[in-house]
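# Close look at the chain arrangement
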There are 2 protein chains.
Amino acid sequence: MVTKQLSGLPEDADLRRADSLAREIFSDVANKWALLIIEALGERTLRFSELRTEVEGISHKMLTQNLRMLERNGLAVRKVHPTVPPRVEYTLTEPGQALRATVDLICGWTHQHLSHIESARRRFGS
Amino acid sequence: MVTKQLSGLPEDADLRRADSLAREIFSDVANKWALLIIEALGERTLRFSELRTEVEGISHKMLTQNLRMLERNGLAVRKVHPTVPPRVEYTLTEPGQALRATVDLICGWTHQHLSHIESARRRFGS
DNA sequence: CTGCATCCGATCAGATACTG
DNA sequence: CAGTATCTGATCGGATGCAG
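Residues numbered from 1 in each chain as written. Chains lettered and ligands numbered in written order. Predicted model: local features only at pLDDT ≥ 70, side-chain atom pairs only at ≥ 80, totals over all residues. Heavy atoms only, no water.

If you check an unreviewed UniProt entry, chain A appears there as Helix-turn-helix domain-containing protein from Paractinoplanes pyxinae.

Here it is as structure tokens:
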């Protein structure tokens, strides 16, 4: 699949590095705000302030922080228009879009199982 | 779709309650440990101690906490065998299985885009 | 408008110890 | 083995103020 190494061990090291990287990405992405931002962006391009209102409940700080993370991982691109006042737009990249598709499924799952979960909670006693 | 109310406003109230419930469930589920536990359980039944080694890096405390949450939301069932030493097994319910399918997709996505993300990080400068 | 820094309280998460 | 409780440090997350 990938370029083979000639010496004996390096490919194992590569696997381990890939695993830890995967875990790191998973941790970055598997959090409430990141997923909600990705869901909000969807197919469109949104400004910082639009995202602020779109992803309701998110604070200025968390929005900035998560957008930086998405940009760093190449899931979203940040485009600055040199106007005054400044205008900054965020768009999902192709990998970002692909991830959004799976987030959509989670949202669908949530609504589909609302009543089951609600009754499970009543049974659980809280 | 669902039972209509006769008076004017209650259905709106229902919608708002459902939305806030959906957000709550989303927050419960959209976190690293919960998703990793769901992924580990997969189709099989696992003991507490097995889960502890299976989802690596998780602490005793976080495992307990997240298992209670999954149980409360009806995503997993907890079966206690009254033996000595005690034996407690966890299994995903049907809704849990459905969610796991989407988590699988996220895992697939992660590995599929590893190299893209790795190079994006280099470009980003860290 | 967007972004960064700071302060501060709340929550998270690990380590440890103790029960059935 | 499984679970609970407690203590402690780390991180999260909101509010505010300031800069480009």
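From this point, the discussion proceeds with the structure in view.
## What to know about the protein's contact with DNA strand C
The following threshold applies: Summary of the distance rule: residues count as near a molecule or strand when at least one heavy atom falls within 4 Å of that molecule or strand. We define a polar contact as two N or O atoms separated by no more than 3.5 Å, with the added condition that, inside protein, one atom must be a possible hydrogen donor and the other a possible acceptor, whereas residues neighbouring each other in sequence contribute only through side-chain atom pairs. Put simply, DSSP H or I for four residues or longer makes a helix, DSSP E for two residues or longer makes a strand, and each gets a number counted from the N terminus. Ten residues, namely Ala, Val, Leu, Ile, Met, Phe, Trp, Tyr, Cys and Pro, are considered nonpolar, four, namely Asp, Glu, Lys and Arg, are considered charged, and the remaining ones, Gly among them, are considered polar.
Ser49(A), His60(A), Arg78(A), Ser59(B) and Lys61(B) are the nearest of the 17 residues found near DNA strand C. Counting only atoms of DNA strand C within 4 Å of the protein, the fraction found in sugar and phosphate groups is 61%. At 2.8 Å from a base nitrogen of DNA strand C is found a side-chain nitrogen or oxygen belonging to His60(A). Residue Lys61(B) places a side-chain N or O atom 2.5 Å away from a base oxygen belonging to DNA strand C. Mapped by element, the contributors of at least two residues to the surface near DNA strand C are α3 (48–54), α4 (60–72) and β3 (87–92) of chain A together with α4 (60–72) of chain B. Among the elements that make up the surface near DNA strand C, the one with the highest residue count is α4(A) (four residues). Class assignment of the residues belonging to the surface near DNA strand C gives a composition of seven nonpolar, five polar and five charged.

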